[in-house]
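# Examining the three-dimensional arrangement
Next come the chains, spelled out residue by residue.
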Amino acid sequence: MATIIVDDNENLEKAIKRFKRMVEKEGIIREYKKREYYEKPSTILNRKNKALARKLLKKNHSNGHTSKVY
């Protein structure tokens, strides 16, 4: 949980910026958006598999390897 302590002499805008950075760092907004709607377990698995395939394809592409599909 993101909490900040604001001093009496601290600028409010600075405190808000500090809070926003902390929320972004902890991934609270991303987690909220992920849990906003129910997602079936099979959909989650498909999404993760596609992300892994993209990551591997990008890794192979950046290494200069060319993979030919026959």
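First, a word on what this report is: a plain description of the structure on this page.

## A closer look at the overall build of the protein chain
Helix and strand counts for the protein chain stand at three helices and zero strands. A globule of 70 residues ought to have a C-alpha radius of gyration of about 11 Å, yet the protein chain, at 21 Å, is considerably larger. The principal-axis extent of the C-alpha atoms belonging to the protein chain is close to 70 × 35 × 15 Å. Residue burial in the protein chain is summarised as follows: out of 70 residues, 6% are buried. For the protein chain, the accessible surface area stands at approximately 7300 Å², while carbon and sulfur atoms represent 58% of it. Counting 19 positive and 9 negative side-chain charges, the protein chain places the centres of these two groups 16 Å from one another.

## Points about the pattern of salt bridges
Between side chains of opposite charge, a pair can form when the charged atoms approach closely. One pass over the structure, following the stated rule, counts four salt bridges. Its salt-bridge partner being Lys34, residue Glu31 comes within 3.7 Å of it at the nearest N-O pair. Placement of the pair is Glu31 and Lys34 together in helix 2 (residues 28-35), with a separation of three residues, close to one helical turn. Note on Glu31: relative accessible area 29%, which makes it partly exposed. Of the charged contacts in the structure, one is a salt bridge between Glu31 and Arg35, with a shortest N-O distance of 2.4 Å. One end of the pair is Glu31 and the other is Arg35, both in helix 2 and four residues apart, which spans about a single turn. A network of salt bridges, in which partner residues are shared, links Glu31, Lys34 and Arg35.

Each value, and the rule that gives it
Residues numbered from 1 in each chain as written. Predicted model: local features only at pLDDT ≥ 70, side-chain atom pairs only at ≥ 80, totals over all residues. Heavy atoms only, no water. Helix = DSSP H or I, 4+ residues; strand = E, 2+ residues; numbered from the N terminus. Rg over C-alpha atoms; globule rule 2.2 N^0.38 Å. Buried < 20%, exposed > 50% of the residue type's maximum accessible area, 1.4 Å probe, protein only. Areas by Shrake-Rupley, 256 points an atom, 1.4 Å probe, with all protein chains shown as cover. Lys, Arg positive; Asp, Glu negative; His and termini not counted. Charge placed at Lys NZ, Arg CZ, Asp CG, Glu CD. Salt bridge = Lys/Arg side-chain N within 4 Å of Asp/Glu carboxyl O.

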